[in-house]
Amino acid sequence: MPITQTICLDLLIQGHIGSYIEFFHMVVENKFAIDVSRDMLGQLKVLLTIAEDSQRSGTAKAIYESKKNLAQFFTRSVNYDIAITYFKEALETARRMQNEYAIEVEATRNLGVALEGAGKVHEALEYFETSRSLALERNNVDGEMMASQSLVNVHVAIAEKFENAGDYEQAIQHFTKCLEFLKHGANDERSICDIEFRLGKAHKEIGKIEVAIKYLESFVAKSATMGDKNKEGWAHATLAACYDISGNPQLAASYLQQFVSIAESDPRQRLAESQACNQLGMLYNKLGEFDMAVTYFERHFRLMTDIAKEDALVAAEESAAAAANSGGGTVSGVGGADGDGASDDMSVASHARDRTNIGAVGGSDPAAVGHAGAASGSGGLAAVAHAPVAKDFGPKSSKGSLVRFGAAQAQLGISRGNAQMALFFETVVDPNGLGPLLQWKAERSFGAYVPQRSGMIN
C-alpha cells in the first residue's frame, strides 16, 4: 500500500478529519504543486494533527505554534506559497493574543522572511518594517535587531540589482538605508564596514568624489581589524582613483602603493598588481619623479613578461588538449608520450587563469565577475578601482597578454627616456657640455654610416 494511502487511513481512523482533508488536497491531489519527499510525509502528518488538536483546544498560543511549525516545514521544503499561508494564519492568531507582544513581533518578521524567499521583496520590506516598529514600541531589543538584520538583507539585495543595472543613485538609497539599520539596530560592525565600502564605490561612480572619499577613508580606518585583506586592498585602489580625479596625484600614488603591497602577497592578484604598477608609473611621471616611474614600469614589465609566458603555456596546453580530442598527436613542448612535465604545465596554466583584473567592471557584489582589462597604458586610475573584488580568469590564449606585454615594453622605454631627459637638457644648456655632446653624436653617426658609392666592386 502506498505511504500516502496509509497516512490517509491513519488520519481517518484517529478522527483527524481536518488533517486528512488538508493532507489529501496537498499531497494526494497535489493541488498546490508542492514538492515533499517521502521521508517528510510522516513529519507533515504529525504537524497537521498537532495543528488540528490545537484548534480544538482553543488555546491561542498552541494554535500559533502549530501554524508556525507548519509554515517552517514548508519553508524548509521551499514551498513558499503554502508557508506564506500558514504564516499569515499564525500572525492573525498572534494579533488576537493578549500581552504577547514579542510573539506578534516574531510572527510579523516570519511572514516577511517567507515573502522574501518567494521573491516578493517589497512586500517583505513592509512586514520587516512593521516588525521593527513594533519591537521599538515595546522595547524588544532582540526583535528590533532581528528585524533590522532582515531589512539590511533585503535592501542589499535590491541595491545590488540597481548596482548591476548601473543605477547607482538608487543603489545608494538602499545602501544608505542599510547603514541606518545597522547603526541603530543590528549594530554589526563588519557589515557597516562592507556597506561603507560599497557606498564609497557607488558615490565615485556618480562623480561625488568627496563623499566617496569619506566612506572609503572610514572603511580603510576600520578594515585592518576586519581581516579582509582583499577588500582592504581594493578600497586603497578606489581611494587612489578618487584622489587622482580630485587632482591629488601624490595621495593617489600613496594609496595605490598600499594596494600593491597587499596584492603582491596573493598570486591571484598578479594581473591587478601589474596594472597598478603601470598606473603608479604614470602617476610618478605626472609628478616629475621619473626614477620612481621607471621603477614601477620595470616592475609592470616583469610581471607582464611572466604573465605572457604563463598564457603561452595555457595556449599550448589547450592546443594539446584539442589535438588529443581530435585524435592528433602530442604537441611539442607540452609533455612527452608518458606525460612528463604535464603536471607542471597544468599547475602553471591553472594559476594563469585564476587572476584578478584591476580594470574589471564590477558585478552584483564584492565577489562579482569582471571582464578583461584593456592593454597596459590605456585608461587611467579610474579604471584601477572599478570593481571591489572582481575575478577575471585571464585570457584563454597568449594573444591578449602579448599585446599588454608589448605595451609594457614601450612604456618602459619611454619612461627610461624621460628619466634621462633632465640630464640631456642640463648638458645642452651647459656651454662646456654642448660641444662634447655634439662631437660624440657626430662620431657615433659617422662610425655607423658607410656610404654606398656607385661603381664599387663588392
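Described in the following lines is the structure provided in the data block. (Residues numbered from 1 in each chain as written. Predicted model: local features only at pLDDT ≥ 70, side-chain atom pairs only at ≥ 80, totals over all residues. Heavy atoms only, no water.)

**Description of the pattern of salt bridges**
Pairing is possible between side chains that carry opposite charge, provided their charged atoms lie close to one another.
Thinking step 1. Per the counting criterion, the structure on display carries 21 salt bridges.
Thinking step 2. Notably, a salt bridge pairs Glu65 with Lys68, separated by 3.4 Å at the nearest N-O pair. With a gap of three residues between them, Glu65 and Lys68 both fall in helix 4 (residues 60-76), about one helical turn apart.
Thinking step 3. Of the residues examined, Lys68 reaches a relative accessible area of 12% and is grouped as buried.
Thinking step 4. With a shortest N-O distance of 3.1 Å, Asp244 and Lys286 are connected by a salt bridge. Within this pair, whereas Asp244 is found in helix 12 (residues 229-245), its partner Lys286 is found in helix 14 (residues 270-287), the two being separated by 42 residues in sequence.
Thinking step 5. Taking relative accessible area as the criterion, Asp244 reaches 18% and is therefore assigned buried.
Thinking step 6. Residue Lys286 is classed as exposed on the basis of its relative accessible area of 54%.
Thinking step 7. Via salt bridges that share partners, Glu160, Glu163, Asp194, Arg198 and Lys231 belong to a single interconnected network. (Salt bridge = Lys/Arg side-chain N within 4 Å of Asp/Glu carboxyl O. Helix = DSSP H or I, 4+ residues; strand = E, 2+ residues; numbered from the N terminus. Buried < 20%, exposed > 50% of the residue type's maximum accessible area, 1.4 Å probe, protein only.)

**Considering the environment of His236**
Thinking step 1. Examined against the element boundaries, His236 turns out to sit in helix 12.
Thinking step 2. Residues His236 and Leu256 lie 20 residues apart in sequence; the distance between their C-alpha atoms is 6.2 Å.
Thinking step 3. Setting aside its immediate chain neighbours within four residues, His236 contacts Val220, Tyr255, Gln258, Phe259 and Ile262. (Contact = heavy atoms within 4.5 Å.)

**Concerning helix 8 (residues 141-164)**
Thinking step 1. Its 24 residues place the ends of helix 8 34 Å apart at the C-alpha level, agreeing with the 34 Å of an ideal helix rising 1.5 Å per residue.
Thinking step 2. Looking one or two residues past helix 8, Gly166 carries a phi angle of roughly 80°, positive in sign. (Expected span 1.5 Å × (residues − 1).)

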